[in-house]
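# Analysis of the macromolecular model
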Amino acid sequence: MIESLIQNTGHSTVFVRVDAVKSLVEIGGPAVDPLIQALNDEKPKIRENSAAALGKIGDERAVQPLINLLGDDDNDVQRAAEFALCDIGDQAVEPLVEAINDPDVNWAVHSNGMRVLETIGDERAVGPLIEMLGGVDGVDAATALGEIGEPAVEPLIDALGDEDPHVRAYAARALGRTGDSRAVEPVIELLNDEDENVKSNAAMALGKLDDKRAIEPLTKALDGDSDRVRILARSAIDDIERQVSSSKVMTFYGEGREFYTEDERRSWLDKLESMRNIMGDMQKYMHPYGPVISYGQGYDGYISVTFLEGSEVNESLMDEIYGVIDKKAVENGIDDIPVKFEFEEMPVLDEAPCEDLIEEDIDTPNTPGFTIFSLIMGLLFVLKIQK
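The shown structure was predicted, so the numbers you read here are calculated from the model rather than taken from an experiment.

What follows covers the overall build of the protein. When its secondary structure is counted, the protein shows 19 helices and six strands. Counting only residues that meet the buried cut, the protein has 51% of its 387 residues in that class. Only carbon and sulfur atoms are counted for the fraction: they give 47% of the accessible area of the protein, which is about 18,100 Å².

Shown next, in the form of structure tokens:
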């Protein structure tokens, strides 16, 4: 029976694959070893959905095979392994730390493993990630540490005194991502660092920490010799004075979706594609006629509606907008469509991001589960697929 179900995870029909995974998860422990063997199957769909089942079962025996699967030749299989390890959680941390510190590990295992650690957010990953701040993976490590948050704050503050300027710079960057007020004074001190890149990262971090204590020292930094530091200090001051977080979820409407497999998620996202034809119905709510600056489909399975920060928005308006979206969804065969309402600043489309000014700054992949296509100002509705 188990072997038959595993073969069905590669079936040509989505609902057959999903039912097979659900049945294997219900079987639990006895299915683990056969599923681990199936991670080597020649069919990518079987590897992908066997990984999904192992993640839902959550057995520690699957951790190392799933880590190995992070280096699979198929991107969908890699992604399924990431989600599975995130589902398993704490039990995967130490093997992942060991894997990413192995100099001979497959590059995809290293990169994908970093994202899994970032998502799990376990404090056991903090030390090894801090050790990576001075290397070629400094940006990735800083991102992961920032996402881990509170457990990383004190070790990162200690790292601000490291003799390596790369470590100091990326530790400051990570502290900015944590948003923790304990980091404000130590990062302010770095504005006096001898290294320009350290000062630049400190200024950028203070803008993200959003604390008025940083305004005076940032103002002094405007008189410095470095154009880069001055630009970032000015930007940080503006950010603090606005005192606006990058995105605040206000409330959720409708019924959220749980996905057993990535097939199931993709099938749902394909359904949401039908919501592209709602532009005319949403026009009266769009800025400058209304408070909405964007709406679109997120990889989390929600439709996101974003209001301009500072706009007057009440429950009645959200009810009305949800009614418009829900009516269109029903017309397209979707019941209880999930919608989340957020506040955000107006996107600045004609300026380069400040982070582009930071040397050795490399774009890094996002953690599983947050890609969005947006309609900006009623003019743009573009779906981006994230790795």
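Okay, the pattern of salt bridges next. Oppositely charged side chains may form a pair once their charged atoms are brought near each other. Inspection of every chain in the model, using the stated rule, returns 26 salt bridges. One salt bridge connects lysine 45 with glutamate 48, and the closest N-O pair in it is separated by 3.3 Å. With lysine 45 and glutamate 48 both in helix 4 (residues 44-57) and three residues apart, the pair spans about one turn of that helix. Look at lysine 45 and you get partly exposed, because its relative accessible area is 26%. For glutamate 48, a relative accessible area of 3% gives the class buried. The salt bridge involving aspartate 180 is made with arginine 182; its shortest N-O contact spans 2.9 Å. Judged by relative accessible area, aspartate 180 falls into the buried class, the value being 15%.

Glancing now at the nonpolar core. Nonpolar side chains in soluble globular proteins tend to end up buried together. One finds Leu66, Leu129, Leu133 and Leu218 to be the most contacted residues of the largest nonpolar core, which totals 88 residues. Leaving out residues up to four positions away in the same chain, leucine 129 has contacts with Ile100, Met114, Ala141, Ala144, Leu145 and Ile148. In this structure, Tyr253, Tyr285, Phe307 and Val313 belong to the second largest nonpolar core, which totals 30 residues.

This model, assessed by the stated rule, comprises five aromatic pairs. Ring geometry for phenylalanine 307 and phenylalanine 341: centres 5.7 Å apart, planes at 5 degrees, overall stacked. Pair noted here: phenylalanine 307 is in strand 3 (residues 303-308) and phenylalanine 341 is in strand 4 (residues 339-344), with a separation of 34 residues, a long-range link. Taking the centre distance of 5.8 Å and the plane angle of 50 degrees together, the rings of phenylalanine 307 and phenylalanine 343 count as tilted. Here phenylalanine 307, found in strand 3, pairs with phenylalanine 343, found in strand 4; they are 36 residues apart in sequence, far enough to count as distant. In terms of burial, phenylalanine 307 and phenylalanine 343 fall into one category: buried.

In this section: the packing of helix 7 (residues 93-100) against helix 8 (residues 107-120). Put simply, helix 7 and helix 8 touch, their axes get as near as 9 Å, and they point 145 degrees apart. The element helix 7 and its partner helix 8 pack so that their crossing is left-handed. Residues Val93, Leu96, Val97, Ala99 and Ile100 of helix 7 touch helix 8, and the partners they reach there are Val109, His110, Gly113, Met114, Val116, Leu117 and Ile120. Its residues assigned to classes, the contact of helix 7 with helix 8 shows ten nonpolar, two polar and no charged.

In this section: the packing of helix 12 (residues 165-178) against helix 14 (residues 196-209). Where helix 12 meets helix 14, the axes come as close as 7 Å, and the angle between the chain directions of the two elements is 10 degrees. Classified by the angle between their axes, helix 12 and helix 14 sit roughly parallel to one another. Of the residues in helix 14, those in contact with Pro165, Arg168, Ala169, Ala172, Arg173, Leu175 and Gly176 of helix 12 are Asn197, Val198, Asn201, Ala202, Met204, Ala205, Lys208 and Leu209. Classifying every residue of the contact of helix 12 with helix 14 by side-chain character gives nine nonpolar, three polar and three charged.

Now for the side chain of glutamate 262. Considering the arrangement of structural elements, one finds glutamate 262 in helix 17 (residues 262-272). Ignoring any residue separated from it by four or fewer positions in sequence, one finds glutamate 262 in contact with Glu48, Arg79, Phe83 and Tyr299.

Turning our eyes to something else, we now look at helix 4. For helix 4, which comprises 14 residues, the first-to-last C-alpha distance of 20 Å matches the rise-based estimate of 20 Å (1.5 Å per residue) to within 8%. Counting buried positions along helix 4 yields ten of 14 residues, so the element is predominantly enclosed. When helix 4 is considered as a whole, its buried residues turn out to be Ile46, Arg47, Glu48, Asn49, Ser50, Ala51, Ala52, Ala53, Leu54 and Gly55. The inward-facing, buried residues of helix 4 contact helix 1 (2-8), helix 2 (14-27), helix 3 (32-38), helix 5 (63-69), helix 6 (75-88) and helix 17. Among the residues trailing helix 4, glycine 58 stands out with phi positive, at a value near 80 degrees.

Rules used throughout
Residues numbered from 1 in each chain as written. Predicted model: local features only at pLDDT ≥ 70, side-chain atom pairs only at ≥ 80, totals over all residues. Heavy atoms only, no water. Helix = DSSP H or I, 4+ residues; strand = E, 2+ residues; numbered from the N terminus. Buried < 20%, exposed > 50% of the residue type's maximum accessible area, 1.4 Å probe, protein only. Areas by Shrake-Rupley, 256 points an atom, 1.4 Å probe, with all protein chains shown as cover. Salt bridge = Lys/Arg side-chain N within 4 Å of Asp/Glu carboxyl O. Core = buried A, V, L, I, M, F, W, Y, C linked by side-chain atoms within 4.5 Å. Contact = heavy atoms within 4.5 Å. Phe/Tyr/Trp six-rings, centres within 6.5 Å; stacked < 30°, edge-to-face > 60°. Axes fitted to C-alpha atoms, helices over the stretch in contact; angles between N-to-C directions. Left-handed = near helix turned anticlockwise from the far one by under 90°. Nonpolar A, V, L, I, M, F, W, Y, C, P; charged D, E, K, R; others polar. Parallel < 35°, antiparallel > 145°, perpendicular 65-115°, else oblique. Expected span 1.5 Å × (residues − 1).

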